[in-house]
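# Survey of secondary and tertiary structure
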Amino acid sequence: MVIIMILEEIAAKTRVRVEEQKKKRDIYSLRRDAEAMVSDMEKRGDFPFKKALSAEGMSFICEVKKASPSKGVIAEDFPYLDIAKEYEEAGAAAISVLTEPCYFLGSDSYLEQIASAVKIPVLRKDFTVDEYQIFEAKLLGASSVLLICTLLEEKRLKEYLEIAHNLGLSALVEAHTEAEVEAALRADAGIIGVNNRNLKTFEVDITTSNRLRKLVPEEIIFVSESGIKTAQDVAILKQNKTDAVLIGETFMRSPDKKKQLSILRGEEM
């Protein structure tokens, strides 16, 4: 019962965090400055995050994450800039950066600094419960935001997708069930991620992605998230026409992230 409430607690604390941010800066000036950052390329619909995941073969979204509710502190030593640069050098398609501060020990400053230090696109990994966060993401240098179906009603999901796209941002729309995948499709999501971790129980089952893949048309980018630990996991997902994988803990616990990515690609044992 305690575990089931964690997602609700994270969302509630996120709402409080956003309200505090609004006291420091109103949404109108935030939106104005975010809209001013949209490039001509992005205005044409050429979004870096989506483009990176559209490349041939399996794309890897490598995560910069210090902690999680289920595992506690994962990386005591956390040279986040070095980690991000190592991911880029290893050939990651994109980088996911946790910015949720209470349960994941993330920070907006991690995202801002990493986005300035690497040339590949960066995803703001947070619990989006307010449009304010999407404008923040743009100003922080993100190329994509995370929209979790469990937290957003379908109408709100569609609204947030439109806001993101108007800002030149991709949106990774995260689902866990058949109903959530269908909601993401109705909202016109261009990138759907299936979280193999049940956000209410924190149980992980990689077959969740394989089971839900058949519901997603092949023209929509399909991402598998959580619980991916071996080259065999990646191979099974690739065989099932998964376009990209988002991997955090496996990389964060590895002392040699370049080698770990090579192993997951099946390039070495």
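Shown above is the structure to which this text applies.
Residues numbered from 1 in each chain as written. Predicted model: local features only at pLDDT ≥ 70, side-chain atom pairs only at ≥ 80, totals over all residues. Heavy atoms only, no water.

The subject of this paragraph is the environment of Asp126. With respect to the helices and strands, Asp126 occurs in the loop between β5 (122–125) and α7 (131–140). A relative accessible area of 2% means that Asp126 is categorised as buried. C-alpha of Asp126 to C-alpha of Phe104: the two residues are 22 residues apart in sequence and 9.4 Å apart in space. Not counting residues up to four positions away in its chain, the partners in contact with Asp126 are Thr14, Arg17, Thr99, Glu100, Gln133 and Leu146. A polar side-chain atom of Asp126 sits 3.0 Å from a polar atom in the side chain of Arg17. (Helix = DSSP H or I, 4+ residues; strand = E, 2+ residues; numbered from the N terminus. Buried < 20%, exposed > 50% of the residue type's maximum accessible area, 1.4 Å probe, protein only. Contact = heavy atoms within 4.5 Å. Polar contact = N/O pair within 3.5 Å; in protein donor to acceptor, adjacent residues only side chain to side chain.)

In terms of residue burial, strand β1 (residues 59–64) counts as a mostly covered element, since six of its six residues are buried. Side chains Ser59, Ile61 and Glu63 project from β1 onto one buried face, and the interleaved Phe60, Cys62 and Val64 project onto a second face that is buried too. Two elements, β1 and strand β10 (residues 244–247), share four bridges in a ladder whose sense is parallel. Across the sheet, the residue bridging to Cys62 is Ile247, located in β10. (Pairing = 2+ DSSP bridges.)

Under the criterion given, the structure shown has 20 salt bridges. As a salt-bridge pair, Glu159 and Arg156 come within 3.4 Å of each other at their nearest N and O atoms. Placement of the pair is Glu159 and Arg156 together in helix α8 (residues 154–166), with a separation of three residues, close to one helical turn. We classify Glu159 as partly exposed; its relative accessible area is 34%. Lys241 is paired through a salt bridge with Glu218; the nearest N and O atoms lie 2.9 Å apart. Residue Lys241 is found in the loop between α11 (231–239) and β10, and its partner Glu218 is found in the loop between α10 (207–213) and β9 (221–225); the two are separated by 23 residues along the sequence. Under the relative-accessibility criterion, Lys241 is labelled partly exposed at 48%. (Salt bridge = Lys/Arg side-chain N within 4 Å of Asp/Glu carboxyl O.)

In this structure, Arg17 sits in helix α1 (residues 2–24). Under the relative-accessibility criterion, Arg17 is labelled buried at 19%. Each residue touching Arg17, except ones within four places of it in the same chain, is listed here: Thr99, Glu100, Pro101, Arg124 and Asp126.

Next up on the list: α8. Taking 1.5 Å of rise per residue, 13 residues should cover 18 Å, and α8 covers 18 Å from first to last C-alpha, within 8% of that figure. Listing the buried residues of α8 in full gives Leu157, Tyr160, Leu161, Ile163 and Ala164. Buried residues of α8 fall within an arc of 165° about the axis and therefore sit on the same side. Those residues of α8 that are exposed and aimed more than 90 degrees away from the buried face are Lys155, Glu162 and Asn166. Against the buried residues of α8 lie α7, β6 (144–148), β7 (170–175) and α9 (178–186). Note on α8: the residue one or two positions beyond its end, Gly168, has a positive phi of about 80°. (Expected span 1.5 Å × (residues − 1). Arc of directions from axis to C-beta.)

Here the focus is the pairing of β6. Taken across its five residues, β6 has five buried, putting it largely inside the fold. Relative to β6, β5 is paired through two bridges, and the arrangement is parallel. What sits directly across from Arg124, in β6, is Val145. One crossover worth recording links β5 to the parallel β6 by way of α7, and it is right-handed. A crossover connection joins β6 to the parallel β7 through α8; in handedness this β-α-β unit is right-handed. (Right-handed = clockwise from strand over helix to strand, strands pointing away.)

What follows covers unusual backbone geometry. Positive phi outside glycine occurs at Ser226, with the angle close to 80°. Here Ser226 is to be found in the loop between β9 and α11. The phi dihedral of Lys241 falls on the positive side, at around 65°, and the residue is not glycine.

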